[in-house]
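Chain by chain, the residues:
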Amino acid sequence: MAIPVVDPERYAEQLAEKQAYVEQTFAAFTTPTLDVYPSPPSHYRQRCEFRIWHEDDDLFYAMFEVDPDNPKNKRVVRLDQFPVASAHINALMPRLRDAFLASDELRRRLFQVEFLTTLSGEALVTLIYHRPLGEAWEAEARALEQALDIMIIGRSRKQRLVLTRDHVWERLTVDGRELVYQQVENSFTQPNAHICQTMLSWAREATAGRQDQDLVELYCGNGNFTIALADNFRRVLATEISRTSVASANVNLDANSVTNAHVARMSAEEFALALKGEKTGRRVTEMSLEAYDFSTVLVDPPRAGLDAQSCHQISEYDQIVYISCNPATLAENLTILTQTHSIERFALFDQFPFTDHCECGVLLVRRDPE
């Protein structure tokens, strides 16, 4: 893995290169002008993880660069600061390191540190050890929580000690509204909160004017899009396979007073069977599928994209909002989806500056039969 080299003065240049790559990748399709949404050029990641490297009496944060010619060769890279990470993480890094150096209890066999921060100022730090954690560790960790105004979780084999709570509360401003999200340690959340706000606003604009129709959402995670889009639709049915994410999504519905959405713990494949009447059971009954009039589907799949069967499934909806973290698999899926739908909006969200990663958003609308 190459560690991003952040150079804010070159940001416009790297963003132009990504734009050119995306436009070339989708050159075979009929697309509108690509809308490009920039990120802050530095301090954009709200979560990061670092190995802790021990050398004699010293220790430091580390990442590894892999030799592309020999993946078994890894070079340890010392990181005293990390411009990719939020300003809050960078402020905490030296203070935590000083605390580790000053305490044998906190530093002994410390293996990894994970940060989860928010735009609203909260910080949750997970300390991972290769040894059991006892009362002495807990006492020093609680003192450190107070000293740094953070929350700490201690992890080791078969141990997870939550000192205050296992989540942060993020507050995102979307189209003038404040949306509140519980983000749980060690579960997926959008790492670039600034771009997340932009993506949510774009998706709201793309789905405006559907208040008399319903939205179905696949891979909903902790309800990131569900919360933001709920008032664009009569009702929302969202599905997600992760038990932790479903629990957070339901907490977030309550926290934002969203009453027209239901989150079901179910895979996209199971949901397709339920729609066809080929899957029954308590969770299917709770969804009350017969009460919905789905006009729009939103998908935010993993990097592998959708399989052909799932593409054909979502082609049944009039409007498709596809959020993709991998342009290559998005292009493959569009070869199927554009057989029935036209691309009406096309966006590039620079979720990860100074890397090759691109996040894209596509709005597809069903073409009238000829």
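Just so you know, these numbers come straight off a predicted model, no measurement behind them.

Secondary structure assignment for the protein chain yields eleven helices and 17 strands. Computed over its C-alpha atoms, the radius of gyration of the protein chain comes to 22 Å, within 12% of the 21 Å expected for a compact globule of 370 residues. With 370 residues in all, the protein chain has 52% of them scored as buried. Of the contacts made within the protein chain by residues no fewer than 6 positions apart, 64% connect residues no fewer than 24 positions apart. Summing over all exposed atoms, the protein chain offers an accessible surface of approximately 17,100 Å²; the carbon and sulfur share of this is 48%.

Right, let's talk about the UniProt feature "binding site: S-adenosyl-L-methionine" (unreviewed entry) in the protein chain for a bit. On the UniProt side, "binding site: S-adenosyl-L-methionine" (unreviewed entry) is annotated at positions that read Q190, Y219, N224, E240 and D300 here. By secondary structure assignment, the location of N224 is in helix α6 (residues 224–229). Considering the arrangement of structural elements, one finds E240 in strand β12 (residues 233–240). A relative accessible area of 11% places E240 in the buried class. Dropping the residues within four chain positions of it, E240 is found in contact with Y219, C220, G221, S245, V246, A264, R265 and M266. Side-chain polar atoms of E240 contact the backbone nitrogen of C220, separated by 3.5 Å.

A separate point is the pattern of salt bridges. A full pass over the atoms with the stated rule returns 21 salt bridges. Note that R171 and E178 form a salt bridge whose closest N and O atoms lie 3.3 Å from each other. Residue R171 is classed as partly exposed on the basis of its relative accessible area of 38%. Measuring nitrogen to oxygen at the nearest pair gives 3.5 Å for the salt bridge that ties R177 to D231.

Per the UniProt record, "active site" (unreviewed entry) is found at C325 and E359. Spanning 35 residues, the annotated positions come together in the fold, the maximum distance between their C-alpha atoms being 4.4 Å. By secondary structure assignment, the location of C325 is in the loop between β15 (319–324) and α11 (327–337). Contact partners of C325, with chain neighbours within four places excluded, come to P301, P302, R303, C358 and E359. You can see E359 is positioned in strand β17 (residues 359–366). With a relative accessible area of 5%, E359 lands in the buried category. Leaving out residues up to four positions away in the same chain, E359 has contacts with M199, I323, S324, C325, A347, L348, F349 and Q351.

Each value, and the rule that gives it
Residues numbered from 1 in each chain as written. Predicted model: local features only at pLDDT ≥ 70, side-chain atom pairs only at ≥ 80, totals over all residues. Heavy atoms only, no water. Helix = DSSP H or I, 4+ residues; strand = E, 2+ residues; numbered from the N terminus. Rg over C-alpha atoms; globule rule 2.2 N^0.38 Å. Buried < 20%, exposed > 50% of the residue type's maximum accessible area, 1.4 Å probe, protein only. Contact = heavy atoms within 4.5 Å. Areas by Shrake-Rupley, 256 points an atom, 1.4 Å probe, with all protein chains shown as cover. UniProt positions renumbered as here; feature names shortened; annotations may be inferred. Polar contact = N/O pair within 3.5 Å; in protein donor to acceptor, adjacent residues only side chain to side chain. Salt bridge = Lys/Arg side-chain N within 4 Å of Asp/Glu carboxyl O.

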